[in-house]
Amino acid sequence: MELRDYLRILHKNWILIVACVLLGVAGASAVSIASTPKYVSTTELYVSVRSGSESATSELAQGTTFARQAVTSYVSIVDSARVLEPVIEELGLGMSVQKLAESISASSPLNTVLIEIEVTDDDPVRAAEIANSVGASFSDIVVNVLEKPEGIDTTSPVKIETVQPAVPATSPASPNVPLQLGLGVLLGLAIGVGAAVLRTVLDTRIHSSHDIELVTDKPMLGGISFDPDARKRPLVVHSDPRSPRAESFRTLRTNLQFVNIDGGPPSFVITSAVPGEGKSTTAANISISLAEMGAKVALVDGDLRLPRVAEYMGIEGGVGLTDVLIGRVPLDDVLQKWGRGQLFVLPSGRVPPNPSELLGSANMARLLSDLTSTFDYVIIDAPPLLLVTDAALLSKLAGGAILVAASGRTKRSEIASAIRALDHVGSKLLGVVVTMLPTKGPDAYGYGTYTYGDTRVEPGAEGPTKAKHGRVRRSLA
């Protein structure tokens, strides 16, 4: 993936990412609230070696060297039982040596004779008292026990003094609220971005032209934005000609004029991979758009299993294509003119028991030949490719197939299977139309609200009419 792909992922999943960041902050806040505050107090000891009056400088250097070497060993006995037992008895802590040792740490800066004793406790005053008591006990053990020469009146050569006594801390060392909140933000951000990338990788549904390019090299002929009222007003080109969605069908109409540059019959099968992707409304609106520009168009309902065209167009569909194919009625008797333009609709008629045989018959081939010789465009609404073979058979007789795929619903594997179904019968896929595209976000598709010239609506009028001075006047019934 390129940088723009990652930016698109972030744009598309920003709500998920923000939610994860907020959860990270909430978790860090909960941990901070639930954690018991800990206070740290530190005392600093200075270790030296006593020297005589003669050769003071030499003895001082030797003593300093000895002290530096000895400090390393002294650090390891700070939390020993011999040092801590007097502290427990003096302060009345009521805890074991092991428990007290867990709260004590000692260290010595490199190349120094300093020892730092650090004590962590819930009570800042008690932490300071323990640190000072440990320092005093440690000094006594080292000077008067470990480093005391044999003899009653002899003095230990090692001297330990408190340089910095421990004082009660004014603020807790933990929890570090700003640090924990920062870690919560980083953790939530990492989880959110990771989840967004994983979600995108695992999501095999198509969302934009980029997803179509992963499946086929055929062009994306158009994109139709999502309309929640599409079922209530399927013929948006007619009912709301100024809407962005209607304009997208006109753009599709323009692109459709260039897909058949090799000649051949001007007939197109509109199909989809699975049901519910908007193929019937696409076929109807394309037909109306073509008729708007003055073309003579035949809209054929080739879905003999679940016909929708007659319902959408508001015409009688009891007699139609099936009656023509079996020779019951002539074609001219069932073609119904629609609107003021040159749009004629051939409904499906009664649902037959053998749709595939009828659509793949010689009678169907002759019917399409008659239609293409009479009309400028023949648009055929066909069933989904992955359910039945009807669309594949029809597309072989026609000029080619246009595949309709719904954004956020159709999977790439389903589109690939539909294309293979067309290839198996030797049909030609002319392009793909993506429907139900979101109007907001990275996959948004729309044309905005704009008009050309003087656009007005006249009550009672139907279809496009020319206004004076070349302006287009849109009107609807």
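Because the structure is predicted, anything quoted here is derived from the model rather than measured. (Residues numbered from 1 in each chain as written. Predicted model: local features only at pLDDT ≥ 70, side-chain atom pairs only at ≥ 80, totals over all residues. Heavy atoms only, no water.)

Here we take up the overall build of the protein chain. Check the secondary structure of the protein chain and you find 18 helices and 14 strands. Going through the 477 residues of the protein chain one by one, you find that 43% of them count as buried. In the protein chain, the share of contacts with a sequence separation of at least 24, taken over all contacts with a separation of at least 6, comes to 75%. (Helix = DSSP H or I, 4+ residues; strand = E, 2+ residues; numbered from the N terminus. Buried < 20%, exposed > 50% of the residue type's maximum accessible area, 1.4 Å probe, protein only. Contact = heavy atoms within 4.5 Å.)

Counting buried residues in strand β12 (residues 429-437) gives eight out of nine residues, a clear majority hidden from the surface. When strand β5 (residues 220-225) meets β12, the two strands line up parallel, connected through four bridges. For G222, the partnering residue across the bridge sits in β12 and is V433. Remark: the strand β11 (residues 401-406)/helix α18 (residues 412-424)/β12 crossover connection has right-handed handedness. (Pairing = 2+ DSSP bridges. Right-handed = clockwise from strand over helix to strand, strands pointing away.)

Let's shift gears to the packing of aromatic side chains. Per the counting criterion, the structure on display carries three aromatic pairs. Arranged with centres 5.7 Å apart and planes meeting at 65 degrees, the rings of F344 and F375 form a pair that is edge-to-face. Taken together, the residues span a long stretch of sequence, with F344 in strand β9 (residues 343-346) and F375 in the loop between α16 (362-374) and β10 (377-381) at a distance of 31 residues. The pair F344 / F375 is uniform in exposure class, with both members buried. (Phe/Tyr/Trp six-rings, centres within 6.5 Å; stacked < 30°, edge-to-face > 60°.)

Time to look at the sheet that holds strand β7 (residues 297-301). A sheet is described by the order of its strands in space; here eight strands give the open sequence β5-β12-β11-β6-β10-β7-β9-β8, paired in mixed fashion. A single partner strand is all that each edge strand has here, and the edge strands are β5 and β8 (336-338). Ignoring strand direction, the axes of neighbouring strands in this sheet form an average angle of 25 degrees. Alignment of β7 against β9, held across four bridges, turns out to be parallel. If you follow V300 over to β9, its bridge partner there is L346. Along the sheet, α16 makes contact with β6 (267-272), β7, β9 and β10, crossing β10 at roughly 140 degrees. Along the sheet, α18 contacts β11 and β12; its crossing angle with β11, the most-contacted strand, is approximately 165 degrees. (Axes fitted to C-alpha atoms, helices over the stretch in contact; angles between N-to-C directions.)

What follows deals with the packing of helix α10 (residues 244-256) against helix α11 (residues 279-292). Helix-helix packing is described using two parameters, namely the angle between the two axes and the distance between the axes. Contact pair α10 / α11: the axes reach a minimum separation of 9 Å and the direction vectors enclose 75 degrees. Judged by the inter-axis angle, α10 sits roughly perpendicular to α11. Contact with α10, carried on its side by F249, R250, L252, R253 and L256, involves T281, T282, N285, I286, S289, L290 and E292 of α11 and no other residues of that element. Along the lines of polarity and charge, the residues of the contact of α10 with α11 split into five nonpolar, four polar and three charged. (Parallel < 35°, antiparallel > 145°, perpendicular 65-115°, else oblique. Nonpolar A, V, L, I, M, F, W, Y, C, P; charged D, E, K, R; others polar.)

Under the definition given, this model contains 15 salt bridges. Where D323 meets R328, a salt bridge forms, and the shortest distance between an N and an O atom there is 3.1 Å. The exposure class assigned to D323 is buried, which follows from its relative accessible area of 1%. Through salt bridges that share partners, E247, R250, R253 and E292 make up one connected network. (Salt bridge = Lys/Arg side-chain N within 4 Å of Asp/Glu carboxyl O.)

For helix α7 (residues 177-202), spanning 26 residues, the distance from its first C-alpha to its last is 37 Å, which sits close to the expected 38 Å at 1.5 Å a residue. All of the buried residues in α7 are G184, G188, G192 and A196. Residues of α7 that are buried in the fold lie against α1 (3-12) and α2 (14-34). (Expected span 1.5 Å × (residues − 1).)

A word on the environment of F258. With respect to the element layout, F258 can be found in the loop between α10 and β6. Residues F258 and L221, 37 residues apart in the sequence, show an inter-C-alpha distance of 9.8 Å.

Of note, the amide linkage connecting S174 to P175 takes the cis form, showing an omega dihedral of 0 degrees. Mapped onto the elements of the fold, P175 is located in the loop between β4 (158-164) and α7. Of note in this structure, N111 is not a glycine but carries a positive phi near 60 degrees. The residue N111 is located in the loop between β2 (104-107) and β3 (114-121) in this model. Its identity as a non-glycine residue notwithstanding, M436 has a phi of 60 degrees, on the positive side. Structurally, M436 is set in strand β12.

The next thing to look at is the sheet that holds β4. With respect to topology, four strands assemble into an open sheet ordered β2-β3-β1-β4, the strand pairing being antiparallel. Across the chains shown, the open sheet's two edge strands, defined by having one partner strand only, are β2 and β4. Between one strand axis and the next, the sheet turns by 25 degrees as a mean value, whatever way the strands run. Taken together, the eight bridges between strand β1 (residues 39-49) and β3 define a ladder with antiparallel strand orientation. Looking at β3, one finds that Y46 is bridged to L114. Each of β1, β2, β3 and β4 touches helix α6 (residues 124-146); the most contacted strand, β1, lies at about 20 degrees to it.

Turning next to a nonpolar patch on the surface. A grouping of L3, Y6, L7 and L10 is seen on the molecular surface, where their side chains present a nonpolar patch of about 410 Å² in accessible area. Within the secondary structure, L3 sits in helix α1. (Patch = residues over 30% accessible without salt bridge, like charges linked within 9 Å, V, L, I, M, F, W, Y side chains within 5 Å. Areas by Shrake-Rupley, 256 points an atom, 1.4 Å probe, with all protein chains shown as cover.)

Before going further, it helps to examine the environment of P275. Here P275 is to be found in the loop between β6 and α11. It is 9.8 Å that separates the C-alpha atoms of P275 and A406, two residues lying 131 residues apart in sequence. With near-sequence residues (within four places) excluded, P275 lies in contact with P384 and L387.

What follows concerns the packing of α2 against α7. Relative orientation of the contacting elements α2 and α7 amounts to 150 degrees, with a least axis distance of 7 Å. Between α2 and α7, the crossing angle belongs to the class labelled roughly antiparallel. α7 is crossed by α2, and the crossing has right-handed handedness. For the contact of α2 with α7, the residue count by class is 15 nonpolar, seven polar and one charged. (Left-handed = near helix turned anticlockwise from the far one by under 90°.)

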